[in-house]
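Residue-level listing of the chains:
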Amino acid sequence: MDTLSNGAYVVPADILLKDEDIQPMYYGYDNGLPCISTANSYSELTADGVLYIASGETVVKVNIDKKFEDVSELKVAVPYVDADNQRYYPDENDVFRLPYNVQKLTISSFVYNYSLINPQVTYYLEGFDMFGRTVDRSNLVPVDYTNLRGGDYNFVIELKDSMGRDSKTFSVKIVKEKAFYEQLWFYAVTLIVCIILIVSLIQMYIHSKMRALEKKNQETMTLIEEITEAFAKVIDMKDRYTNGHSTRVAHYTAMLSKELGYDDETVHKYYRIALLHDIGKIGVPSSVLNKSGKLTDEEFEIIKSHTIKGYEALKDISIMPELSVGAQAHHERPDGKGYPNHLKGEEIPRVAQIIAVADCFDAMYSSRPYRNRMNFEKVISIIRDVSGTQLTSDVVDAFLRLVDKGEFRDPEDDGGGSTEDIVNIKK
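So, how was this worked out
- Residues numbered from 1 in each chain as written.
- Predicted model: local features only at pLDDT ≥ 70, side-chain atom pairs only at ≥ 80, totals over all residues.
- Heavy atoms only, no water.
- Helix = DSSP H or I, 4+ residues; strand = E, 2+ residues; numbered from the N terminus.
- Buried < 20%, exposed > 50% of the residue type's maximum accessible area, 1.4 Å probe, protein only.
- Areas by Shrake-Rupley, 256 points an atom, 1.4 Å probe, with all protein chains shown as cover.
- Phe/Tyr/Trp six-rings, centres within 6.5 Å; stacked < 30°, edge-to-face > 60°.
- Pairing = 2+ DSSP bridges.
- Axes fitted to C-alpha atoms, helices over the stretch in contact; angles between N-to-C directions.
- Patch = residues over 30% accessible without salt bridge, like charges linked within 9 Å, V, L, I, M, F, W, Y side chains within 5 Å.
- Salt bridge = Lys/Arg side-chain N within 4 Å of Asp/Glu carboxyl O.
- 1 Å grid on protein atoms, 1.4 Å probe; cavity = no way out; pocket = protein on both sides within 12 Å on 5 of 7 lines; lining within 4 Å.
- Points joined across faces, edges and corners; volume = space filled by probe spheres on them.
- Nonpolar A, V, L, I, M, F, W, Y, C, P; charged D, E, K, R; others polar.
- Polar contact = N/O pair within 3.5 Å; in protein donor to acceptor, adjacent residues only side chain to side chain.
- pLDDT = per-residue confidence, 0-100.
- Contact = heavy atoms within 4.5 Å.
- Left-handed = near helix turned anticlockwise from the far one by under 90°.
- Expected span 1.5 Å × (residues − 1).

1. So, the overall build of the chain
Consideration 1: A tally of helices and strands in the chain yields 11 helices and 15 strands.
Consideration 2: Within the span of the chain, comprising 427 residues, buried residues form 41% of the whole.
Consideration 3: Approximately 24,300 Å² of the chain is accessible, and the part contributed by carbon and sulfur atoms is 53%.

Okay, here's the thing in structure tokens:
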């Protein structure tokens, strides 16, 4: 055995005594010797194979006879770690605790070797590294970690012998304090904020779409109203005796609907339905519709057909199917003697019950080319008398309440005139 400045050559004594060419086993710092030996120093080899070698710092011992010593006897340690150039030592629970603002962590691990073996060392930071790194013990150097999130980690060291067999595992726990943005409450708050933001964006999107839809719907409803008004004028143009009748009946229908407690939307809907209640008259021959004298039974049947014609004209308008109801049923009577279907009581659609009262009032209280309008009090008396038979009672009651409030009477009423031909009023 000879010691040099950087290692030791080991040769069995019997081979050395033969004084022949020898092939010594060299042990240096790279392959098992735990230190760099000091040149020209004294070394001591005991009888049991323990070699004491002087180094620059201390005296170390190795057992040259245990070249294949089990690595489980080796000592592994991580005495300290460095974080941002500051050294940290384990606490009483052998846990390294680091502040949340650490940027760079350096872990120094040591394998203390008391024999001339050079085990394989595999190390990894559990919770951060996806794979371990394997080096010889002699090449074991400190390892750096950056961008380490707050949390608990285990630095694991595995020792394997030259055959690559697992033999010893060692680990230390490292805990990095979590920053506020890594805390559970922060995640919860962030999640809630994100949900609120997403919901708000969705609501804004929906609101934007709804506004566009409402605008389009309003434009559509405006178009419907304008078309309805135009048709009402066409209807009144067809019948020279009833100029303005459709508009007045629609106005009276709205008044009655409001008095009966319906909301504004329903009142407006009933108004539009009433505007077209006589649309079927467009299909009635002008010779019958505009006849100035008394109608024959056959002519009266033709006049009555305007309810069916009106229904057929409006029934396929899907955007407002109720339009056809007013046209079809405004001449039905609670006692079943109306037309065209002889409906009774509640069988008559509500809007048709209301239109019937408005229509009856305007038929008597409007001037025609062939007669003056009837006396207002007489009109009221007739409507009151037919309540429950020709007209629906609660609608008549609403009408009478409005009369008591000063509604319906024309401010320019001069007292009224003839009742002639009332039974044949074409309205």
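Still more ground to cover, so stick around.
2. What to know about the packing of aromatic side chains
Consideration 1: Scanning the entire structure with this criterion turns up 16 aromatic pairs.
Consideration 2: Pairing Tyr252 with Phe361 gives two aromatic rings, centres 5.2 Å apart and planes at 80 degrees, and the pair type is edge-to-face. Note that Tyr252 is positioned in helix α3 (residues 245-259) and Phe361 in helix α9 (residues 350-364), a separation of 109 residues in sequence. Judged on exposure class, the residue Tyr252 and its partner Phe361 are both buried.
Consideration 3: Ring centres 5.2 Å apart and planes at 35 degrees place the aromatic pair Phe361 and Tyr365 in the tilted group.
Consideration 4: Note on Phe361: relative accessible area 0%, which makes it buried.
Consideration 5: By relative accessible area, Tyr365 is classed as buried at 4%.
Consideration 6: Among the aromatic side chains, those forming a connected cluster through ring pairs are Tyr252, Phe361, Tyr365, Phe376, Phe399 and Phe408.

3. Focus on the sheet that holds strand β7 (residues 75-83)
Consideration 1: The four strands are arranged β8-β7-β10-β13 in an open sheet whose pairing can be described as antiparallel. In this open sheet, the two edge strands, each paired with only one partner strand, are β8 (86-88) and β13 (143-146). For this sheet, the mean angle separating the axes of adjacent strands, direction not counted, is 30 degrees.
Consideration 2: Here β7 runs beside β8; their pairing, made up of three bridges, is antiparallel.

4. Focus on a nonpolar patch on the surface
Consideration 1: A cluster of nonpolar side chains, Ile198, Ile202, Tyr205, Ile206, Met210 and Leu213, forms an exposed patch at the surface whose accessible area comes to about 590 Å².
Consideration 2: Along the chain, the position of Tyr205 falls in helix α2 (residues 184-238).
Consideration 3: Looking at Tyr205, the relative accessible area reads 52%, which means it is exposed.

5. Here's the deal with the pairing of strand β10 (residues 104-112)
Consideration 1: In terms of strand pairing, β7 meets β10 through seven bridges, oriented antiparallel. In the sheet register, Ala77 faces β10, and the bridge partner there is Phe110.
Consideration 2: Examined bridge by bridge, β10 and β13 share four bridges and lie antiparallel to one another. Bridge pairing links Lys104 to Thr146 in β13.

6. Considering empty space enclosed by the protein
Consideration 1: Under the defined criterion, the tally for this structure stands at two cavities of 30 Å³ or more.
Consideration 2: Space inside the second largest cavity adds up to approximately 30 Å³.
Consideration 3: Lining the second largest cavity we find Glu332, Pro334, Ile348, Ala352, Gln353, Ala356, Gln390, Leu391 and Thr392.
Consideration 4: In terms of residue class, the lining of the second largest cavity is built from five nonpolar, three polar and one charged.

7. So, the side chain of His245
Consideration 1: One can find His245 in helix α3.
Consideration 2: A polar contact of 3.4 Å, which involves the side chain of His245, links it to the side chain of His277.
Consideration 3: A polar atom in the side chain of His245 sits 2.8 Å from the side chain of Asp359.

8. Notes on the pattern of salt bridges
Consideration 1: Here the structure, examined in full by the defined rule, presents 15 salt bridges.
Consideration 2: Across the pair Lys281 and Asp278 runs a salt bridge, and its minimum N-O distance is 3.6 Å.
Consideration 3: Between Glu301 and Lys304 there is a salt bridge, with its nearest N and O atoms 3.2 Å apart. Residue Glu301 and its partner Lys304 are located together in helix α6 (residues 297-304), separated by three residues, close to a single helical turn.

9. Topic: the confidence of the model for the chain
Consideration 1: Per-chain confidence: the chain averages 83 in pLDDT, with 82% of residues scoring 70 or above.
Consideration 2: In this model, residues 1-5 is a region of pLDDT below 50 whose contacts with residues beyond four sequence positions or in other chains number 16 contacts.
Consideration 3: The low-confidence segment residues 418-427 (pLDDT under 50) makes 30 contacts with residues lying over four places distant or belonging to another chain.

10. Comments concerning the packing of α9 against helix α10 (residues 376-385)
Consideration 1: For the pair α9 and α10, interaxial distance at closest approach is 10 Å and the crossing angle is 145 degrees. Crossing geometry of α9 relative to α10 is assigned as right-handed. Of α10, the residues touching α9 (which contributes Cys360, Phe361 and Met364) are Phe376, Val379, Ile380, Ile382 and Ile383.
Consideration 2: Within the contact of α9 with α10, the residues separate by chemical class into eight nonpolar, no polar and no charged.

11. Structural notes on helix α4 (residues 264-275)
In an α-helix there are 3.6 residues to a turn, and that puts residues three or four apart on one side.
Consideration 1: Taking 1.5 Å per residue, 12 residues should reach 16 Å; α4 reaches 17 Å between its end C-alpha atoms and fits that length.
Consideration 2: By the burial criterion, the buried members of α4 are Thr266, Val267, Tyr270, Tyr271, Arg272, Ile273, Ala274 and Leu275.
Consideration 3: The opening residue of α4 is Asp263, an N-cap whose side-chain oxygen sits 3.1 Å from the backbone nitrogen of Glu265.

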